[in-house]
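The lines below spell out each chain.
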Amino acid sequence: MGEDVKTASSGRGGGDVQAGVPPGSWMKRVFGFETGDLSSWERLVRLLNRPTDPAALGVFRFLFGLLMAVDITQERGLSHLDYRYLDGAPVCRFPLFNFLEPLPLDWMYMVYVVMFLGAVGIMIGCFHRVSCLMFISTYWYVFFLDKTAWNNHSYLYGLIGFQLTLMDANRYWSVDGLWNAKKKNAHVPLWNYTIIRTQIFIVYFIAGIKKLDSDWVGGYSMSYLAHHWLFDPFKLILPVETVSLLVVHGGGLILDLSAGYLLFFDATRPVAMVFVSYFHCMNSQLFSIGMFSYTMLATSPIFCYPDWPRRFFGGFPAALRAVLPPTEPAPQSSASCVYAETPPSVAAGTPPSAAATATPPSDAADGQRPPSASRPLKPGRRHKLGTLFTLLYLSEQLFLPYSHFITQGYNNWTNGLYGYSWDMMVHSRTHQHVKITYRDGKTGDTGYLNPGVFTQSRRWKDHGDMLKQYATCLSRNLVHYNISEPQIFFDIWVSINERFQQRIFDPRVDIVTADWSPFRPNPWLMPLLVDLSPWRTKFQEIEGSLDNQTEVVFIADFPGLHLENYVSKDLGNTSVQVLQGQVSVEIVEEKTNYTLLPGDQMKLPAGAYHKVYTVSDQPSCYMYIYVNTTEVALQKNFTKLFELQERIRNGTETEPVPPELQPLVSVAEGKDPGVNVTDPVLRLFLRRQQRMQDVKKHREASLVQKLQRFSLKKYYMLRRGFLMTAIAMRNLMVGLPPLEQLSQEVAYANLKEPEVAPDEPLKEEAGHLEL
């Protein structure tokens, strides 16, 4: 904030002090204002409304609008809107407020058109406030429509759009400035910068505070990230476990806690810019988070001196000046700011903050507004309202991440509506077992539903409010299948941050009739068994003692409950071993029970159901140890086929190749094996080899090839979005065409280049199965 004061109208960079001007106090040199500026309401109003160069804010406005225009076609879903909003389909949705419903599909396209035009208007600074209102009204509507898409960065986009609505962000490099001389290159009040800088500081700092958690500090939250190729340089000198603990978790914690401070101060800002930029570039490769990394990169320069664009673009050739942000003249005065009463011709000894608030001498000379025009010397109503808004908004933003004592119904092992608390990447979850049981309220008949039926989302499994909405929707839909007064029961097993798999909701409660309120604790939420967290160290020892073909799942259950499970026939060597407590294992077909104590182990029959009852007074802990015998046999066959292929390729195979394996000869000779591959194992082997070759080609592609592939992918995505939008607009204006014509238009919009195999681990066709 202080940097603005020192360079608001002079256009000079850095914190350099003019010759003959005393440096002032330590606080003024570091922060740009004195303690006395906070001593009264009027002085605070003057401080937050000091005239500031609009250049940095204008460039940020342009970048934010550009990124949001791109984001609308991607993460907001314009390119696949017809898949998200299916007209007439029995789809269960999860709005923030139950009365919110999506409009008909063609009208949803209209909503996105308004949002897109608003983003473009923000970018070019055209009808700035109207564009901001167009953007945020439609953006928040779409945001509230679907809680399953809630995340912190989408929430941040809406906040920034709201902030820009109230700011004078169109005072620099904008169409509005071309039309209105009073807005062109005019000062903006300091609070415009204060709000957005503090917002970004809050994002970083509270994200760091949320990482001061035993799971994050202990390295359990995001341990899988250390296996990503981005961390290969660290793995050259450190083991994977150390990379996870020190680099992923330790580095993330330190950067989040310190980034806001380092960006604020002149001495540390260059170093911060390097590390923050590297951090966000890595995140863009680690996670599918759309424009978030680039948006955060765009916010970093807002911490620099407000006139940095003038100095930066001033070094470009004169031929490019027409399309680049302007570098001259100095900003003109604005009614949005409060100016000091000191005349511009200050005597030696005037502190730089006073000189910064004086009227620029170029105002009259450059043909802009004369110095006598509307230069408030005393705070008015708009200045006081701006100050009041700044204080209230920032207080609210500091309060909301810790407001979960109010919205207690949303506390489901993580606090509140996950997506506005800046607890980013603090929790990782895995789901081992999901069972949905329905019961006819009149006949008592029971049955099972496929998890995820009638919905496109999977996040309902972790949140009580969404589970309530899902159960209510299922009950409405099941009535159409001759099920009267449906009762819905969920048995969902979740592991959070590498703990035991355990139930998150009570499986004995009918969720349709269950009570839920956003302001009361969820009564059917099962408590997280945090007392068992120390077992995670033992998990690592157990997993390290197993061979590569053996896998293990750790289970914890509550007294009086039982787990009903089915062992697939592929898992021919499965056993259960008790770690803590006492369980009773029932083999359903045999109708026999076996009691197991800590240390006891029992083999389970494949292709059959069994039940594990917790009969101890305390929660029981046990583990399934299993080998996918089908996969093991398949891998042995693959090894033999690979060795045979190598012998054929090297010319060392002396035995005649059987007819069913002749395609191997064709592949070894670089020919197409054709479609007549009769042996299923060979067909799977060749398919897997082709995928491995595609992945290798993808990874070893040149930079030009990667850019070409990226550009084509984005082109066809944007192409589909705009073509489908054009179809929807046509439908709204002239009505629906014949079905055959509409089908042909959609097929044309769906055209795309053949996709290359993704750069990710292979997911084998006959891979490891869930228990």
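Look above for the structure.
Remember, predicted model here, so these are calculated numbers, not experimental data.

About the criteria used
- Residues numbered from 1 in each chain as written.
- Predicted model: local features only at pLDDT ≥ 70, side-chain atom pairs only at ≥ 80, totals over all residues.
- Heavy atoms only, no water.
- Salt bridge = Lys/Arg side-chain N within 4 Å of Asp/Glu carboxyl O.
- Buried < 20%, exposed > 50% of the residue type's maximum accessible area, 1.4 Å probe, protein only.
- Pairing = 2+ DSSP bridges.
- Helix = DSSP H or I, 4+ residues; strand = E, 2+ residues; numbered from the N terminus.
- Contact = heavy atoms within 4.5 Å.
- Axes fitted to C-alpha atoms, helices over the stretch in contact; angles between N-to-C directions.
- Phe/Tyr/Trp six-rings, centres within 6.5 Å; stacked < 30°, edge-to-face > 60°.
- Lys NZ or Arg CZ within 6 Å of the ring centre and 35° of its normal.
- Expected span 1.5 Å × (residues − 1).
- Parallel < 35°, antiparallel > 145°, perpendicular 65-115°, else oblique.
- Nonpolar A, V, L, I, M, F, W, Y, C, P; charged D, E, K, R; others polar.
- Core = buried A, V, L, I, M, F, W, Y, C linked by side-chain atoms within 4.5 Å.
- Disulfide = S-S within 2.5 Å.
- Patch = residues over 30% accessible without salt bridge, like charges linked within 9 Å, V, L, I, M, F, W, Y side chains within 5 Å.
- Areas by Shrake-Rupley, 256 points an atom, 1.4 Å probe, with all protein chains shown as cover.
- 1 Å grid on protein atoms, 1.4 Å probe; cavity = no way out; pocket = protein on both sides within 12 Å on 5 of 7 lines; lining within 4 Å.
- Points joined across faces, edges and corners; volume = space filled by probe spheres on them.
- Polar contact = N/O pair within 3.5 Å; in protein donor to acceptor, adjacent residues only side chain to side chain.
- Left-handed = near helix turned anticlockwise from the far one by under 90°.

A. Representation of the pattern of salt bridges in the model. For the coordinates displayed, the defined rule picks out 26 salt bridges. Aspartate 307 is the partner of arginine 311 in a salt bridge, and the nearest nitrogen-oxygen pair spans 2.9 Å. Its relative accessible area of 41% is what places arginine 311 among the partly exposed residues. In the salt-bridge network here, residues are joined through shared partners; they are Asp37, Arg43 and Arg50.

B. Examining the sheet that holds strand β4 (residues 446-449) more closely. The antiparallel open sheet is built from four strands, whose spatial order is β4-β3-β5-β6. Among the strands making up the open sheet, the edge pair consists of β4 and β6 (502-503). Looking at chain direction, strand β3 (residues 429-439) and β4 are connected through four bridges and run antiparallel. Paired with threonine 437 across the strands is tyrosine 448, a residue of β4. Packed on one face of the sheet, helix α20 (residues 464-478) meets β3, β4 and β5 (487-496) and runs near 145° to β5.

C. Focus on the packing of aromatic side chains. Taken as a whole and assessed by the stated rule, the structure comprises 52 aromatic pairs. Ring centres 6.3 Å apart and planes at 50° place the aromatic pair phenylalanine 31 and phenylalanine 33 in the tilted group. For phenylalanine 31, a relative accessible area of 25% corresponds to the partly exposed category. For the ring pair phenylalanine 312 and phenylalanine 313, a centre distance of 5.0 Å and an interplane angle of 80° mean the geometry is edge-to-face. For phenylalanine 313, a relative accessible area of 12% puts it in the buried group. Above the face of the tryptophan 216 ring, lysine 211 is positioned so that its terminal group lies 4.9 Å from the ring centre. Positioned over the ring face of tyrosine 339 is arginine 375, at 4.9 Å from the centre of the ring.

D. Representation of helix α25 (residues 703-734) within the structure. Along its 32 residues, α25 runs 46 Å from first to last C-alpha, staying within 8% of the 46 Å computed at 1.5 Å per residue. Listed in full, the buried residues belonging to α25 are Tyr716, Arg719, Arg720, Gly721, Met724, Thr725, Ile727, Ala728, Met729 and Asn731. On the buried face of α25, the contacting elements are α5 (81-84), α6 (105-124) and α26 (739-749). Where α25 ends, the next residue or the one after it, glycine 735, has phi of about 95°, a positive value.

E. Geometry of the packing of α25 against α26. Interaxial distance between α25 and α26 falls to 9 Å at its minimum, and their mutual angle equals 160°. Between α25 and α26, the crossing angle belongs to the class labelled roughly antiparallel. Together, Arg719, Arg720, Leu723, Met724, Ile727, Arg730 and Asn731 of α25 and Gln741, Leu742, Glu745, Val746, Tyr748 and Ala749 of α26 make up the contact between the two elements. Residues that form the contact of α25 with α26 fall into these classes: seven nonpolar, two polar and four charged.

F. Highlighting the nonpolar core. In this structure, Tyr112 and Phe135 are the most contacted members of the largest nonpolar core, which totals 99 residues. Residue contributions to this core peak at 11 residues, all from helix α10 (residues 190-210). Ignoring anything within four residues of it in the chain, the contact list for tyrosine 112 reads Ile72, Arg76, Gly77, Leu78, Leu81, Arg84, Tyr85 and Val142. Of all hydrophobic cores here, the second largest spans 26 residues; its members include Trp413, Ile436, Tyr470 and Ile496.

G. Looking closely at the sheet that holds strand β11 (residues 592-596). With respect to topology, four strands assemble into an open sheet ordered β8-β13-β10-β11, the strand pairing being antiparallel. The open sheet is flanked by β8 (562-567) and β11, the only strands paired with a single partner. If you compare each strand with its neighbour and ignore which way they point, the axes differ by 20° on average. As defined by bridge partners, β8 adjoins strand β13 (residues 608-614) across six bridges and the pair is classed as antiparallel. What sits directly across from tyrosine 566, in β13, is tyrosine 609.

H. Region of interest: the pairing of β11. Two strands pair when backbone bridges link them, and strand β10 (residues 583-587) and β11 are joined in this way by five bridges, in the antiparallel orientation. Bridge pairing links isoleucine 587 to threonine 592 in β11. Two successive antiparallel strands, β10 and β11, enclose a turn made up of four residues, where lysine 591 displays a positive phi of approximately 55°.

I. View of the state of the cysteines. Taken as a whole and judged by the stated rule, the model has one disulfide. At a sulfur-sulfur separation of 2.1 Å, the disulfide partner of cysteine 92 is cysteine 473. Taking the sign of the S-S torsion, -85° for the link of cysteine 92 and cysteine 473, the bridge is left-handed. Of this pair, cysteine 92 sits in the loop between α5 and α6 while cysteine 473 is found in helix α20, placing the two residues 381 residues apart along the sequence. Cysteine 473 shares its class with cysteine 92; the two are buried.

J. Examining a nonpolar patch on the surface more closely. There is a patch of nonpolar side chains on the surface, built from Trp41, Leu385, Leu388, Leu391 and Leu392 and spanning about 470 Å² of accessible area. Top element by residues in the nonpolar patch is helix α19 (residues 381-399). It accounts for four residues. Topologically, leucine 392 is positioned in helix α19. Overall, the relative accessible area of 53% leaves leucine 392 in the exposed class.

K. Layout of the layout of surface pockets. The volume enclosed by the second largest pocket comes to roughly 1,300 Å³. Taken together, 34 residues make up the lining of the second largest pocket; nearest its centre are Ser223, Tyr224, Thr430, Glu498 and Glu543. Within the residue set of the lining of the second largest pocket, elements represented by two or more residues are α13 (240-264), β3, α21 (535-545) and β7 (550-557). Residues of the lining of the second largest pocket, tallied by class, amount to 11 nonpolar, 15 polar and eight charged.

L. Representation of unusual backbone geometry within the structure. For the peptide bond that leads from glutamate 328 to proline 329, omega is 0°, which places it in the cis range. Within the element layout of this structure, proline 329 appears in the loop between α16 (308-313) and α17 (352-357). The backbone of lysine 591 shows a phi angle near 55°, a positive value even though the residue is not glycine. Relative to the elements of secondary structure, lysine 591 occurs in the loop between β10 and β11.

M. Expanded view of α10. The terminal C-alpha atoms of α10 lie 30 Å apart, and with 21 residues this matches the ideal 30 Å at 1.5 Å per residue to within 8%. Across the 21 residues that make up α10, a large majority, 17, are buried.

N. The arrangement of the side chain of asparagine 152 in detail. Residue placement: asparagine 152 occurs in helix α8 (residues 152-166). Engagement of the side chain of asparagine 152 in a polar contact is seen with the backbone nitrogen of serine 421, the distance being 3.3 Å. At 2.6 Å, the side chain of asparagine 152 and the backbone nitrogen of tryptophan 422 are in polar contact. Every residue in contact with asparagine 152, bar those within four places of it in the chain, is listed here: Gly419, Tyr420, Ser421, Trp422, Asp423 and Met424.

O. Structural detail: the environment of asparagine 283. When you line up the elements, asparagine 283 lands in helix α14 (residues 269-286). Along the sequence, asparagine 283 and tyrosine 294 sit 11 residues apart, while their C-alpha atoms lie 9.8 Å from each other. In this view, asparagine 283 contacts Ile289 and Ser293; residues no more than four positions away in its chain are not counted.

P. Region of interest: the packing of α13 against α14. At a minimum axis distance of 8 Å, the contact between α13 and α14 shows a crossing angle of 140°. Here α13 lies oblique to α14, going by the angle between them. You can see that α13 and α14 cross each other, and the crossing is left-handed. Of the residues in α14, those touching α13 at Leu255, Asp256, Ala259, Leu262, Leu263 and Phe264 are Arg269, Ala272, Met273, Phe275, Val276 and Phe279. Here the contact of α13 with α14 is composed, by residue class, of 10 nonpolar, no polar and two charged.

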